[in-house]
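Observations on chain architecture
As a plain string of letters, each chain reads:
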Amino acid sequence: MKKAFVTGITGQDGYYLADLLLKKGYEVHGIKRRSSSFNTDRINHLYQDPHLDNPKFFLHYGDMTDSSGNLRIIQQIKPDEIYNLGAMSDVRVSFDMPSFTIQTNALGVLIMLEVYRTLCPDAKFYQASSSEMFGSSVDDDGYQRETTPFNPVSPYGCSKVFGYNKYIELNALTIATIAIAVISATYSSEVLRASYLAISKGQIEAARALGMNCLLYTSDAADERSSVDLGGRRII
């Protein structure tokens, strides 16, 4: 049975993902922040008593910025897949709470990546991003694409760009318009550059000839070694 670890499981996307994974037969683990008020309304119907036989859904007290706590939880679970959805996600409020936003969305991602790299580097890791990363940046024709340079204009957007860059740095991934190059070995910078150019031009077979395993982007992160969601945008 596959095990999945989900941050932000009490949020909208976390709830939908947990429900989907349970239906697919996964054992699902999530973290929730300690609160004096109830904050699990969306997932209450998914709750299973851990004292019963063969429970499939587990909640752990934790926080994105708690490195030792996340280390302990991941070491205990040994997940096959990690979905990092947790964030301080209110763009407007991020201006009122910039330090907290950066700590959660940037430092939190760094902590999760370090735990992942240390304890389960063979697991799949999904990092949720945001269209806010593009900010005010547009191409010459006035449109935004996945290749449009990032120019965030909010603390939230800046923090998500940091998380995205750390993820790409760790996984040595090259992201193109409709493809994700999955690195299965160590490649030279020349091969990576050549592969990126080939993928960005839609020359998937040319990139494969360079030793890259190119997969079309799908919404199911479990189909790929690693993936990044650029705010749900799909460019065809």
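For clarity, every value in this text was computed on a predicted model and none was experimentally measured.

Scoring rules and cut-offs
- Residues numbered from 1 in each chain as written.
- Predicted model: local features only at pLDDT ≥ 70, side-chain atom pairs only at ≥ 80, totals over all residues.
- Heavy atoms only, no water.
- Helix = DSSP H or I, 4+ residues; strand = E, 2+ residues; numbered from the N terminus.
- Buried < 20%, exposed > 50% of the residue type's maximum accessible area, 1.4 Å probe, protein only.
- Contact = heavy atoms within 4.5 Å.
- Areas by Shrake-Rupley, 256 points an atom, 1.4 Å probe, with all protein chains shown as cover.
- Core = buried A, V, L, I, M, F, W, Y, C linked by side-chain atoms within 4.5 Å.
- Polar contact = N/O pair within 3.5 Å; in protein donor to acceptor, adjacent residues only side chain to side chain.
- Expected span 1.5 Å × (residues − 1).
- Arc of directions from axis to C-beta.
- Phe/Tyr/Trp six-rings, centres within 6.5 Å; stacked < 30°, edge-to-face > 60°.

Helix and strand content of the chain: 7 helices and 9 strands. Per-residue burial over the chain gives 44% buried out of 236 residues. Considering only residue pairs separated by 6 or more positions, the chain has 67% of its internal contacts joining residues 24 or more positions apart. Surface summary for the chain: the accessible area is close to 12,400 Å², and the carbon and sulfur share equals 52%.

F5, I82, Y116 and F125 are the most contacted members of the largest nonpolar core, which has 21 residues in total. Put simply, the parts of the chain that give this core at least two residues each are helix 2 (67-77), helix 4 (98-119) and helix 5 (155-171). Broken down by element, this core gets its largest block of residues, 6 residues, from helix 4.

Our next topic: the side chain of N84. Among the structural elements, N84 can be located in strand 4 (residues 81-84). Among the polar contacts made by the side chain of N84, one reaches the side chain of T7 at a distance of 2.8 Å. Here Q127 takes part through its side chain, which lies 2.8 Å from a polar atom of the side chain of N84. Apart from residues no more than four positions distant in its own chain, N84 is found in contact with T7, M64, V109, M112, F125, Y126, Q127 and A128.

Residue pairs three or four apart in sequence face the same way in an α-helix, which turns once every 3.6 residues. When the terminal C-alpha atoms of helix 4 are compared, their 30 Å separation across 22 residues agrees well with the 32 Å that a helix rising 1.5 Å per residue should span. Every buried residue of helix 4 is accounted for by T101, T104, N105, A106, G108, V109, I111, M112, L113, V115 and Y116.

Another point: helix 2. Residues G69, N70, I73, I74 and I77 constitute the buried set of helix 2. Viewed end-on, helix 2 has its buried residues packed into an arc of 125°, placing them on one side of the element. Turned more than 90 degrees from where helix 2 packs its buried face, S68 and Q76 sit exposed. Against strand 1 (3-7), strand 2 (27-32), strand 3 (57-61), strand 4 and helix 4 lie the buried residues of helix 2. Downstream of helix 2 by one or two residues, K78 has phi in the positive range, about 55°.

In this description, an aromatic ring pair is defined by two values, namely the gap between the centres and the angle between the planes. Tallied over the entire structure, the rule returns 6 aromatic pairs. An angle of 40° between the planes, with centres 4.8 Å apart, marks the rings of Y15 and Y16 as tilted. Using a relative accessible area of 53% as the deciding quantity, one classes Y16 as exposed. Judged by centre distance (5.1 Å) and plane angle (65°), the ring pair of F134 and F150 falls under edge-to-face. Here the residue F134 occupies a position in the loop between strand 5 (124-128) and helix 5, and F150 occupies one in the loop between strand 5 and helix 5, the gap between them amounting to 16 residues.

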